[in-house]
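Inside the fold
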Amino acid sequence: MSCESRIPCIDFSKNTEDLVEGSEGWNDLCKQVGEACAKFGFFQLVYDQAPVKLHEELLVGMKELFSLSDKTKEKNVHSKPHRKTGYLAKIEAVPLFESLGIINAHILDEAREFTDLMWPNDNPTLCQTIHSVAKMLQELEGVVRKMIFENLGVEDYYDSNMKNSDNIFRVLKYKAPRNDESNIGLPPHTDKSILAILYQYTNGLEFLSKEGQWLETQPGTFIVLAGEALMAWSNGRIHAPTHRVVINGEKDRHSYAIFATPNEGATVEIPKELIDKDHPLQFRSFDYMEFLRYLYANPHLDNHLKIYAGVEAV
């Protein structure tokens with residue numbers, strides 16, 4: 001599948017050897033990924049290793065999940081102060097939005113714990129589907145992150161960065177708006193994660209370019225977007241894009257995504273190699289979970305990251 005030329009599109013499926021580290025194709029992809037993340041903070045990714053059948057099976061499973069009672073879905077909880085964990089719904093600012101999340105669903109036991117919670121009588125088919133999709137996305141996110149690090153020249157930090165992060169797999173639903181409702185599924189925002197990779201069955205995800213233009217992404221491709229944790233860690237070299245979800249048409253919108261985040265106790269600290277006279281220090285080191293607690297305690301503020309960890313230029 002191809003992408004529109006208006007927004008960055010990178011093809012991981014042209015040649016399987018392109019994903020072999022050190023190959024000419026790998027080096028070219030590293031450059032493309034790095035440039036897209038620096039200039040836009042997001043890109044569409046063509047990746048045909050995910051069978052169409054797997055997307056279809058997950059969509060069927062999502063519809064089953066969201067048709068469960070609220071009482072059942074509300075069992076999906078997590079203690080971390082992170083909006084992308086657990087069940088989210090009935091939020092006044094985003095009435096069309098509903099979502100469920102699983103931490104580290106690429107681990108089969110974690111996926112099974114979630115489906116056993118939703119279906120005490122077992123649902124092995126959906127458990128395996130969630131696990132397979134989450135594992136694919138977790139591996140794909142690792143490849144993209146490695147390419148970003150190599151392009152920045154800080155690949156020596158990759159292993160420790162991966163070790164100190166978790167991933168959250170989410171299934172998302174947006175109800176089709178009634179005539180009297182806004183069609184904004186999620187208002188403009190930036191993610192607080194390291195990276196996210198999302199697949200949408202219908203369009204609706206839009207990104208705000210640095211020039212102030214809303215760019216619409218296509219369905220049927222993966223969409224990679226950088227979050228504020230990566231922007232801070234890269235000393236501002238990676239852009240965290242503002243994005244929103246707009247519901248078009250009269251049908252509910254479904255998507256799924258993985259969000260890579262620093263784990264409990266992880267510190268976001270800029271590598272010394274990314275600080276120089278042309279790139280002075282922009283953010284002090286900070287505990288990621290403490291940053292989230294600050295963010296949720298001060299929802300009225302804008303530019304939370306800059307206020308919390310920004311370093312004033314001298």
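Residues numbered from 1 in each chain as written. Predicted model: local features only at pLDDT ≥ 70, side-chain atom pairs only at ≥ 80, totals over all residues. Heavy atoms only, no water.

Looking up the chain in an unreviewed UniProt entry gives the name 2-oxoglutarate-dependent dioxygenase DAO, with the organism given as Papaver nudicaule. Recorded under Sequence similarities (unreviewed entry), the UniProt text for the chain is reproduced unchanged: "Belongs to the iron/ascorbate-dependent oxidoreductase family." Under the UniProt heading Function (unreviewed entry), the entry covering the chain gives this text: "2-oxoglutarate-dependent dioxygenase essential for auxin catabolism and maintenance of auxin homeostasis in reproductive organs. Catalyzes the irreversible oxidation of indole-3-acetic acid (IAA) to the biologically inactive 2-oxoindole-3-acetic acid (OxIAA)." (UniProt positions renumbered as here; feature names shortened; annotations may be inferred.)

**Some words on the sheet that holds strand β3 (residues 97–103)**
An order of β1-β2-β9-β6-β11-β4-β3 is seen for the seven strands of this open sheet, with the pairing classed as mixed. The open sheet has two edge strands, β1 (9–11) and β3, and neither has a second partner. Strand-to-strand twist across the sheet, computed as the mean angle between neighbouring axes with direction ignored, equals 25°. Running at roughly 160° to β1, helix α1 (residues 24–39) makes contact with β1 and β2 (42–46) of the sheet. (Pairing = 2+ DSSP bridges. Helix = DSSP H or I, 4+ residues; strand = E, 2+ residues; numbered from the N terminus. Axes fitted to C-alpha atoms, helices over the stretch in contact; angles between N-to-C directions. Contact = heavy atoms within 4.5 Å.)

**A few points about the pairing of strand β7 (residues 205–208)**
Two faces, one strand: in a regular strand the side chains alternate between the faces of the sheet. Both β7 and strand β10 (residues 243–246) contribute to a ladder of three bridges, which runs antiparallel. Looking across to β10, one finds that Leu 205 is bridged to Val 245. As judged from the three bridges shared by β7 and strand β8 (residues 214–216), these two strands associate in the antiparallel manner. Bridge pairing links Leu 208 to Trp 214 in β8.

**Side note on the environment of Thr 190**
With respect to the element layout, Thr 190 can be found in the loop between β5 (184–189) and β6 (195–200). Measuring from C-alpha to C-alpha, the distance between Thr 190 and Glu 206 comes to 12 Å, with 16 residues separating the pair along the chain. Side chain to side chain, Thr 190 and Glu 228 meet in a polar contact 2.6 Å long. (Polar contact = N/O pair within 3.5 Å; in protein donor to acceptor, adjacent residues only side chain to side chain.)

**Section: helix α4 (residues 108–118)**
In an α-helix, one turn spans 3.6 residues, which is why side chains three or four residues apart end up on the same side. Inspection of α4 places Ala 111, Phe 114, Thr 115 and Met 118 among the buried residues, and these make up the whole buried set. Down the axis of α4, the buried set is contained in an arc of 90°. They therefore lie on one face. Of the exposed residues in α4, those oriented more than 90 degrees away from the buried face are Asp 109 and Glu 113. The elements touched by buried residues of α4 are α2 (52–66), α3 (70–73), β3 and α5 (124–152). (Buried < 20%, exposed > 50% of the residue type's maximum accessible area, 1.4 Å probe, protein only. Arc of directions from axis to C-beta.)

**With respect to the layout of surface pockets**
Estimates place the volume of the second largest pocket at around 320 Å³. Around the second largest pocket, the lining comprises 17 residues; the ones closest to its centre are Asn 161, Trp 233, Thr 267, Val 268 and Glu 269. For the lining of the second largest pocket, the elements supplying multiple residues, two or more each, are α6 (158–163), α7 (228–233) and β12 (267–268). When residues of the lining of the second largest pocket are assigned to their parent elements, the largest contribution, three residues, is made by α7. The residue inventory of the lining of the second largest pocket, partitioned by class, reads eleven nonpolar, four polar and two charged. (1 Å grid on protein atoms, 1.4 Å probe; cavity = no way out; pocket = protein on both sides within 12 Å on 5 of 7 lines; lining within 4 Å. Points joined across faces, edges and corners; volume = space filled by probe spheres on them. Nonpolar A, V, L, I, M, F, W, Y, C, P; charged D, E, K, R; others polar.)

**As for the sheet that holds β8**
Backbone hydrogen bonds are what pair the strands of a sheet, in a parallel or an antiparallel way. Read across the sheet, four strands follow the order β5-β10-β7-β8 without closing on themselves; strand pairing throughout is antiparallel. The open sheet terminates on both sides in strands that have one partner only, identified here as β5 and β8. The average undirected angle you get between the axes of adjacent strands in this sheet is 25°. Inspection of the sheet shows β5 paired to β10 by three bridges, in the antiparallel sense. Note that in β10 the partner of His 189 across the bridge is His 243.

**Things to note about the UniProt feature "domain: Fe2OG dioxygenase" (unreviewed entry) in the chain**
UniProt tags residues 164–262 as "domain: Fe2OG dioxygenase" (unreviewed entry). Helix and strand shares over residues 164–262 are 6% and 48% respectively, and the end C-alpha atoms of the span are 6 Å apart.

**Here's the deal with the packing of α1 against α5**
Two measures define how a pair of helices packs: the angle their axes make with one another and the distance between the axes. Two elements in contact, α1 and α5, have axes separated by 8 Å at closest approach and are oriented at 85°. Regarding the angle of α1 to α5, the classification is roughly perpendicular. Every residue of α5 that contacts α1 at Trp 26, Leu 29, Cys 30, Lys 31, Val 33, Gly 34, Glu 35 and Cys 37 is listed here: Val 143, Val 144, Lys 146, Met 147, Ile 148, Glu 150 and Asn 151. Here the residues of the contact of α1 with α5 are counted per class, giving nine nonpolar, two polar and four charged. (Parallel < 35°, antiparallel > 145°, perpendicular 65-115°, else oblique.)

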